[in-house]
Amino acid sequence: MESIWSKETQILPREPLHQHQSVNTVIIGGGMAGILTAFLLKKRGVDVVVLEANTIGSGQTKNTTAKITCQHGLMYYKLIQERGEHYAKKYARVNMLAIELYERIINSLHIDCDFRRLPSYLYSKVDDLCLRREAGAASKLGMQADFCFKTALPFEVKGAVRFENQAQFQPLAFLKAISEEVCVYEHSPVLKVESNTVITPGGNVKADHVVFATHYPFVNFPGLFFTRLHQERSYAIAIEGGQNLEGLYYGVDKDGISFRNAGSLTILGGGNHRTGENSQGGKYQFLQDAAKRFYPDCTLVAQWSAQDCIPIDGLPYIGRFGGKDRKWYVATGFFKWGMTNSMVSAMALCDMICGVHNRYGDMFDPNRNSWTKSVKNLSIELKASVLGLGRQVFSDAKSPLSSLPQGHGGIVEWKGHKLGAYKDEQGNVFLVSVKCPHLGCQLEWNPDEKSWDCPCHGSRFDYTGALLDNPAQIKLKAYRYTRR
Ligand SMILES: Cc1cc2nc3c(=O)[nH]c(=O)nc-3n(C[C@H](O)[C@H](O)[C@H](O)COP(=O)(O)OP(=O)(O)OC[C@H]3O[C@@H](n4cnc5c(N)ncnc54)[C@H](O)[C@@H]3O)c2cc1C
Ligand code: FES
């Protein structure tokens, strides 16, 4: 299911890597974070290449809703409580700088990507207290933020927090333009990184600096990101016949819906769940029903989904990791705010690589101890992993393959094995192992995407077993179906 951005943007295809190379910096991953980092480094005269497993922007970036904002949910009240006013002010400032840098790049390269400055709103239908607190916290930090009752939304709200001067754009049109400035090898999956050598099927790249911008880092050691990052999936639809909102909207209630415009279209986002926990499905239907309620004459133009890396303490991991002898860097854990956080990563990593002091550079240290600050979240993570692993080891398959209706998927018993099965509308059967090749958790069926999703760290596979999302790096074992 393609996003409206994918439908309208063709990014120039690139050759795979097919020789050995030496460069100053190699970036693994050609999404918003990787391409922006390469772009800023190139501007500083650094010799840099990007290695992309698939195609530019083909990861989560193609399916974002591309609100460029420092309004990251109910962030600032919490941040002041947990980290103090000074830290919260720096967080707000660096994210505002990110918006400004997007604007400067777009203006200087004359990029036609529908960039617009707009206010952004958090809203609630049930609780104004949390919004009043948030507005107060943001104002205290010097931001242009107000509590208000009036919005353009097609329903009554208890209140809203309005931030001035935020932005939106067409993410792939932007990525297309900046990626044309840098050297990218597509269809060049990195299989392994050994010290300063990055290994792909077509050749190795030796580099002084290695940047992991793969959304979820695919190396387990060092970093142990699998103990402090999980993924959450959410869904978006674009409709014709909505309304002109003149703003970006994010609902803070459970099942809250986000809104923005893109030309004549209105985009609604929501249906959030931990990846691997959507066995009932119905997320697109939820958004379509909401759209019909708000705009009875609307028509569906597109629907798509993507996922976010959720860090255990709510802050991204940006910076150096992997020990003193390695010049390895990471940009991950953007929560739901990867547009500004990709730019923040690019600015910070670019300075680190160039040996320039960055006053925001140590804010998101990947080596920080996130566990003690987030004991509650750590126990949720451990519970999810233990459950995922436990299901794999202990649970029996529930039903025989014959009981699976056409058009459905599920875990079944087949010839004495517990396997994942999908039966298409014509009755063709696709059988795969449900053991996640990352760290062995049991995969769950996602009926909205017809995919096998891992509840532990969010790897995903299509019904034939092909890899869709990392941290897993290989496909699932597939079994040939025979009737007897
Ligand atoms: C539905 C939805 C809506 C969103 N809306 C917003 C929004 O409005 N505003 C906002 O700020 N954020 C939003 N986000 C978040 C934002 O879209 C993401 O955080 C951001 O796009 C992530 O960019 P990235 O470069 O880190 O990852 P990706 O775009 O996933 O890029 C990573 C790349 O690495 C490649 N890769 C992986 N492994 C390897 C390997 N071994 N070798 C080589 N390449 C590899 C992948 O193929 C991929 O292309 C949204 C997220 C979702 C789920
Ligand atoms: S993604 Fe880690 S075990 Fe599946």
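The structure displayed is predicted, hence computed values, not measured ones.

Enquirer: Teacher, can you tell me more about the state of the cysteines here?
Expert: As used in these notes, a disulfide is a covalent bond between sulfur atoms, one from each of two cysteines. With the rule as written, the count across this model stands at one disulfide. Summary of cysteine pairing: Cys113 is not part of a disulfide, and the nearest cysteine sulfur, belonging to Cys70, is at 19 Å. Cysteine Cys183 is unpaired, with the sulfur of Cys350 as its nearest cysteine sulfur at 17 Å. For Cys183, a relative accessible area of 32% corresponds to the partly exposed category.

Enquirer: Help me understand the side chain of Arg260 in this model?
Expert: Following the sequence through the fold, Arg260 ends up in strand β13 (residues 258–262). A polar contact of 3.2 Å, which involves the side chain of Arg260, links it to the backbone oxygen of Ala66. At 3.4 Å, the side chain of Arg260 and the side chain of Gln168 are in polar contact. Leave out the neighbours within four places in its chain, and Arg260 touches Trp5, Thr65, Ala66, Lys67, Gln168, Phe169, Leu245, Gly247, Leu248, Leu265, Thr266 and Ile267.

Enquirer: What is the right way to look at helix α2 (residues 32–43) in this model?
Expert: An α-helix turns once per 3.6 residues; consequently, residues spaced three or four apart project the same way. A rise of 1.5 Å per residue sets the reference length of α2, with its twelve residues, at 16 Å; its end C-alpha atoms lie 16 Å apart and thus fit the reference within 8%. Among the twelve residues that make up α2, ten are buried, leaving the element largely enclosed by the rest of the structure. When α2 is considered as a whole, its buried residues turn out to be Met32, Ala33, Gly34, Ile35, Leu36, Thr37, Ala38, Phe39, Leu40 and Leu41. Contacts from the buried residues of α2 go to β1 (21–28), β2 (48–51), α4 (85–108), α6 (171–179), β7 (183–185) and α8 (338–354). Two residues or fewer after α2 comes Gly45, characterised by a positive phi angle close to 85°.

Enquirer: Honestly, the site of ligand 1 in this entry has me stumped. Any pointers?
Expert: Around ligand 1 sit 36 residues in total, of which Glu52, Thr61, Thr65, Lys67 and Met339 are the nearest. Taking Thr64, its side chain carries an N or O atom lying 3.0 Å from an oxygen atom of ligand 1. Here ligand 1, which alone exposes 1,000 Å², has 94% of that area covered by the protein. At the level of secondary structure, the elements contributing two or more residues to the shell around ligand 1 comprise α2, β15 (299–311) and α8. Sorting elements by how many residues they give to the shell around ligand 1 places β15 first, with three residues. In the shell around ligand 1, the residues fall into 14 nonpolar, 18 polar and four charged.

Enquirer: Would you mind showing me how to read the environment of Gln60 here?
Expert: Within the element layout of this structure, Gln60 appears in the loop between β2 and β3 (67–68). Remark: the alpha-carbon pair of Gln60 and Gly31, spanning 29 residues in sequence, is separated by 7.4 Å. Those residues in contact with Gln60, other than ones at most four positions away along the chain, are His215, Ala306, Gln307 and Asp469.

Each value, and the rule that gives it
Residues numbered from 1 in each chain as written. Chains lettered and ligands numbered in written order. Predicted model: local features only at pLDDT ≥ 70, side-chain atom pairs only at ≥ 80, totals over all residues. Heavy atoms only, no water. Disulfide = S-S within 2.5 Å. Buried < 20%, exposed > 50% of the residue type's maximum accessible area, 1.4 Å probe, protein only. Helix = DSSP H or I, 4+ residues; strand = E, 2+ residues; numbered from the N terminus. Polar contact = N/O pair within 3.5 Å; in protein donor to acceptor, adjacent residues only side chain to side chain. Contact = heavy atoms within 4.5 Å. Expected span 1.5 Å × (residues − 1). Near = heavy atom within 4 Å. Areas by Shrake-Rupley, 256 points an atom, 1.4 Å probe, with all protein chains shown as cover. Nonpolar A, V, L, I, M, F, W, Y, C, P; charged D, E, K, R; others polar.

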